[in-house]
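A structural walkthrough
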Amino acid sequence: MTAASLYRYVLLRLVQLVPVVFLIIILNFFLIRLAPGDPIAYIIGDAPIADELVADLRSKLGLDGSITQQLLIYLSNVAQGDFGFSYVSRAPVTEVILSRLPATLLLMITQYVLAIAVGIVLGVLSARHQGSALDVTVTAVSVVGYALPVFWLGQMLMLMFSMKLGLFPAQGMMSLRYSMTPVEKVFDIAHHLVLPALTLAIFNLALIARLARANMLQVLRLEYIIFARSKGISERAVVYRHALRNAVLPVVTVIGLNIKTLITGAVLTETVFAWPGLGRLTFDAINARDYPVLMAMFVFVGILVVIANLITDIIYAWLDPRIRLQ
Amino acid sequence: MSEADLDVPGTLPATSASSAAAARRRRVMRNWHRFTMNRLALFGLLLLAGMIILALFAPIIAPGGPFGIGGTRLAEPGARHWFGTDHIGRDIFTGVLYGTRTSLMVGLLSVLMALAIGIVVGAVAGYYGGRIDNLLMRVTEIFQVMPRFFLALFVVAIFGANIWGIVFVIGILNWAEIARLLRAEFLTLRERPFVTAARAYGARDLDIIVMEILPNAISPVIVAGSLQVASAILLEAALGFLGVGDPNEMSLGSMLNNAQQYIRQAWWTVTFPGLALCLLTLGIALVSDGLNDSLNPRLKEVGL
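Below: a short report on this structure.

Focus: the overall build of chain A
- A count of helices and strands for chain A gives 14 helices and zero strands.
- Reading the secondary structure of chain A in the N-to-C direction produces α-α-α-α-α-α-α-α-α-α-α-α-α-α.
- Across the 326 residues that make up chain A, the buried fraction comes to 47%.
- Counting only contacts in chain A whose residues sit at least 6 apart along the sequence, the fraction spanning at least 24 positions is 71%.
- Working note: accessible area of chain A is about 16,500 Å², and carbon and sulfur atoms make up 69% of it.

Written out as structure tokens, the structure reads:
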């Protein structure tokens with residue numbers, strides 16, 4: 001398959017995504033305007049502001065214009081990355097979101113590495129020893145894992161490992177100590193990271209292990225594996241050199257398509273552990289009725305999901321040329 | 001070849017109605033048999049049935065209602081309060097009963113709504129194909145890509161939390177999956193001989209869709225729908241946990257939200273509501289797994 005067809009595929013997918021992003025933004029606009037009450041009241045919040053200032057703000061935001069004019073202003077603001085100001089911190093929303101991004105990324109990447117590594121190992125082992133105690137346990141855990149509310153899992157881990165055993169801090173990302181060497185600081189953050197990352201990892205591990213197991217079982221039946229076995233290659237080599245790669249590839253795409261669940265999980269987990277990322281920001285924004293932040297988060301997550309889907313599709317097309325032809 | 005492959009779907013007008021009904025009854029019995037063979041699924045069903053009964057009879061078991069203050073605050077579990085009391089002295093066992101009731105109601109009603117929309121859209125798109133299909137599928141895609149949780153959160157935060165609003169939002173967010181599944185089934189079934197035959201007999205489109213294709217296309221929808229009940233329950237709980245649940249309905253999620261501050265002093269406030277939530281979704285997941293195995297037996301072989 002030529003590179004050109006891959007580029008064409010990517011381009012096609014990109015073009016298809018434009019209306020989705022557009023719609024998310026427009027939906028966002030209309031939701032806030034359908035809301036009961038004056039949009040200006042949402043923007044000012046409880047702040048006591050003189051009537052002239054309100055009128056001034058109204059014309060500045062184009063709220064005295066028609067709904068189409070308002071939509072155009074909103075769209076051009078969003079296109080410039082301008083989501084207004086947070087009621088709570090009074091800082092530009094974009095700035096607030098970007099400042100919280102690193103904490104969330106740290107949590108997500110850590111838990112993914114953990115979940116993927118352990119999940120694939122467990123899945124492959126249980127497929128190799130089908131029906132063994134390990135296999136039954138992995139299957140059971142993956143069913144239970146689906147049913148577990150992630151925030152309750154976090155609360156239980158906190159109760160156990162933080163409250164009862166005192167092994168890990170329950171809240172936050174850093175201790176409130178003033179003097180820490182950089183090395184101490186890294187260890188301190190890692191110490192805080194254990195429980196939230198474990199919570200999310202257990203949640204995702206269940207799905208990954210289940211999929212890795214199913215794929216492995218399927219791949220082990222294919223002709224090239226039978227052929228490899230008939231050549232007299234050791235079972236280990238068959239599993240790890242020939243089957244593993246093909247069995248694990250679909251897992252990648254599932255991870256990509258699951259990004260929505262993951263972000264939801266992150267919001268809930270961050271709320272439990274007061275992890276200062278985007279999830280906690282969302283939670284605080286809800287409690288403070290900080291609408292600009294909420295609106296921006298909705299658009300931000302929407303775009304993130306769309307991009308994740310696109311990347312997943314591209315990886316899939318890259319791995320499997322048949323997709324591009326359709 | 002499994003048994004299911006031998007099912008020749010469809011009933012020509014020539015076959016008598018009673019033999020068609022008998023065939024259907026046999027199929028249901030066989031699926032039921034397969035389902036009960038699966039011990040995990042049966043366990044899930046019993047678990048679920050138990051919780052449904054407890055939830056239904058909540059007003060009889062706990063006549064005080066979920067918001068009544070029945071004891072000292074943060075009392076430990078004991079004979080008087082099986083699950084202890086919360087931070088303002090409400091009985092947690094009572095809260096769990098009513099919370100389960102709310103969870104089940106939200107789960108079932110929102111999925112019924114998703115099924116109603118999804119089946120109509122999926123059937124129309126899959127049966128007619130062409131431009132209608134194209135248009136409907138574009139709309140469906142948008143709903144699928146939408147970050148559901150954030151949309152639900154956003155809508156509930158703006159419009160205020162109300163249990164019917166939550167049901168509506170979850171329903172609106174779930175129909176797309178149903179529609180896509182059903183459409184795919186319809187696409188493969190609509191050219192089958194039994195459909196062509198029905199058409200040749202002059203059957204109306206609506207009759208073909210409802211009487212001929214739908215019964216043969218519904219299995220994956222039932223499985224997906226049952227799983228959606230679990231995810232709808234978890235979504236409602238998550239909204240409650242973030243503090244945007246309906247304040248007039250007891251919710252397991254908002255109980256866990258309240259408990260968050262008291263984890264250190266009172267483990268029971270956080271343990272029992274979460275356990276109930278877990279058992280509820282576990283029961284549904286097991287039943288759904290069992291349905292999947294008995295309705296789509298071929299999938300079981302590959303371990304999915």
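Quick look at the pattern of salt bridges
All names here are of chain B.
- Taken as a whole and assessed by the stated rule, the structure comprises eight salt bridges over all chains.
- A salt bridge links Arg190 to Glu191; the nearest nitrogen and oxygen atoms lie 3.3 Å apart.
- A salt bridge links Asp207 to Arg204, with the nearest nitrogen and oxygen atoms 3.5 Å apart.
- The class for Asp207 is partly exposed, based on a relative accessible area of 31%.
- Sharing partners across several salt bridges, the network here consists of Arg138, Glu141 and Arg180.

With respect to a nonpolar patch on the surface
Residues and elements named next belong to chain B.
- On the surface, a cluster of nonpolar side chains totalling about 660 Å² of accessible area is made up of Ile52, Ile53, Leu54, Leu56, Phe57, Ile60 and Ile61.
- Mapped onto the nonpolar patch, the elements with two or more residues apiece are helix H3 (39-56) and helix H4 (58-61).
- No other element matches the four residues that H3 contributes to the nonpolar patch.
- Looking at where Ile61 falls in the secondary structure, it is placed in helix H4.

Some points on the nonpolar core
- In this structure, A:Phe151, B:Phe149 and B:Leu242 are the most contacted members of the largest nonpolar core, which totals 152 residues.
- In terms of residue count, helix H8 (residues 182-219) of chain A provides more of this core than any other element does, 14 residues in total.
- A:Phe151 has contacts with A:Leu268, A:Val272, B:Ala237, B:Ala238, B:Phe241, B:Leu256 and B:Leu277, leaving out every residue within four places of it along the chain.
- With 16 residues, the next largest nonpolar core counts B:Ala123, B:Tyr127, B:Leu214 and B:Val221 among its residues.

Looking at the side chain of B:Gln260
- By the secondary structure assignment, B:Gln260 is in the loop between helix H12 (252-259) and helix H13 (267-295).
- When its relative accessible area of 17% is taken as the criterion, B:Gln260 is described as buried.
- Not counting the four nearest positions on each side in its chain, B:Gln260 is found in contact with A:Gln155, A:Met158, A:Gln171, A:Thr271, A:Val272 and B:Phe241.

Some words on the packing of helix H11 (residues 219-241) of chain B against H13(B)
All names here are of chain B.
- Viewed as axis vectors pointing N to C, H11 and H13 meet at an angle of 170°, and their least axial separation amounts to 9 Å. In terms of orientation, H11 and H13 fall into the roughly antiparallel class. For the pair H11 and H13, the contacting residues are Ser219, Ile222, Val223, Ser226, Leu227, Val229, Ala230, Ile233, Leu234 and Ala237 in the first and Leu277, Leu280, Thr281, Ile284, Ala285, Ser288, Leu291, Asn292 and Leu295 in the second.
- Counted by class, the contact of H11 with H13 contains 14 nonpolar, five polar and no charged residues.

A few points about the interface of chain A and chain B
- Counting from both sides, the interface comprises 54 residues of chain A and, opposite them, 43 residues of chain B.
- Across the interface of chain A and chain B, roughly 4,300 Å² is buried in total on both sides, 77% from carbon and sulfur atoms.
- For the pair chain A and chain B, the number of links is one salt bridge.
- The closest approach of N and O atoms between B:Asp289 and A:Arg210, which form a salt bridge, is 3.5 Å.
- Our enumeration of links across chain A and chain B arrives at five residue pairs in polar contact (both at pLDDT 80 or more).
- Contributions of two or more residues to the side of chain A that touches chain B are made by helix H1 (3-34), helix H6 (133-147), helix H7 (150-164), H8, helix H11 (259-273), helix H12 (278-287) and helix H13 (291-319) of chain A.
- Ranked by the residues each element gives to the side of chain A that touches chain B, the list is headed by H13(A), at ten residues.
- Classifying every residue of the side of chain A that touches chain B gives 38 nonpolar, ten polar and six charged.

Description of empty space enclosed by the protein
Residues and elements named next belong to chain B.
- Tallied over the full model, the rule gives two cavities of 30 Å³ or more.
- Roughly 100 Å³ of volume is contained in the largest cavity.
- Together, 13 residues line the largest cavity, and Asp86, Arg90, Ile92, Met255 and Asn258 are the ones closest to its centre.
- Only helix H5 (92-128), H12 and H13 provide two or more residues apiece to the lining of the largest cavity.
- Here the element with the most residues in the lining of the largest cavity is H12; it accounts for three residues.

Digging into H3(B)
Residue and element names in this part refer to chain B.
- Given a rise of 1.5 Å per residue, 18 residues ought to cover 26 Å, and the 25 Å separating the end C-alpha atoms of H3 matches this to within 8%.
- Among all positions in H3, only Ala41, Gly44, Leu47, Leu48, Met51 and Ala55 are buried. The buried residues of H3 occupy an angular sector of 125° when projected down its axis, which confines them to one face. In H3, the exposed positions angled more than 90 degrees off the buried face are occupied by Arg39, Leu46 and Leu56.

Here's the deal with the environment of B:Gly99
Residues and elements named next belong to chain B.
- With respect to the secondary-structure elements, Gly99 resides in helix H5.
- Taking relative accessible area as the criterion, Gly99 reaches 0% and is therefore assigned buried.
- Placed 152 residues apart in sequence, Gly99 and Ser251 show a C-alpha to C-alpha distance of 4.3 Å.
- Ignoring any residue separated from it by four or fewer positions in sequence, one finds Gly99 in contact with Met250, Ser251 and Leu252.

Regarding the environment of B:Leu286
- In this structure, B:Leu286 sits in helix H13.
- For B:Leu286 and B:Leu181, which are 105 residues apart along the polypeptide, the C-alpha to C-alpha distance reads 21 Å.
- Discounting chain neighbours no more than four positions away, the residues touching B:Leu286 are A:Val143, B:Leu40, B:Ala41, B:Phe43 and B:Gly44.

Rules used in this analysis
- Residues numbered from 1 in each chain as written.
- Chains lettered and ligands numbered in written order.
- Predicted model: local features only at pLDDT ≥ 70, side-chain atom pairs only at ≥ 80, totals over all residues.
- Heavy atoms only, no water.
- Helix = DSSP H or I, 4+ residues; strand = E, 2+ residues; numbered from the N terminus.
- Buried < 20%, exposed > 50% of the residue type's maximum accessible area, 1.4 Å probe, protein only.
- Contact = heavy atoms within 4.5 Å.
- Areas by Shrake-Rupley, 256 points an atom, 1.4 Å probe, with all protein chains shown as cover.
- Salt bridge = Lys/Arg side-chain N within 4 Å of Asp/Glu carboxyl O.
- Patch = residues over 30% accessible without salt bridge, like charges linked within 9 Å, V, L, I, M, F, W, Y side chains within 5 Å.
- Core = buried A, V, L, I, M, F, W, Y, C linked by side-chain atoms within 4.5 Å.
- Axes fitted to C-alpha atoms, helices over the stretch in contact; angles between N-to-C directions.
- Parallel < 35°, antiparallel > 145°, perpendicular 65-115°, else oblique.
- Nonpolar A, V, L, I, M, F, W, Y, C, P; charged D, E, K, R; others polar.
- Buried area = accessible area lost by both parts, 1.4 Å probe.
- Polar contact = N/O pair within 3.5 Å; in protein donor to acceptor, adjacent residues only side chain to side chain.
- 1 Å grid on protein atoms, 1.4 Å probe; cavity = no way out; pocket = protein on both sides within 12 Å on 5 of 7 lines; lining within 4 Å.
- Points joined across faces, edges and corners; volume = space filled by probe spheres on them.
- Expected span 1.5 Å × (residues − 1).
- Arc of directions from axis to C-beta.

The values are spatial; any link to function lies outside them.
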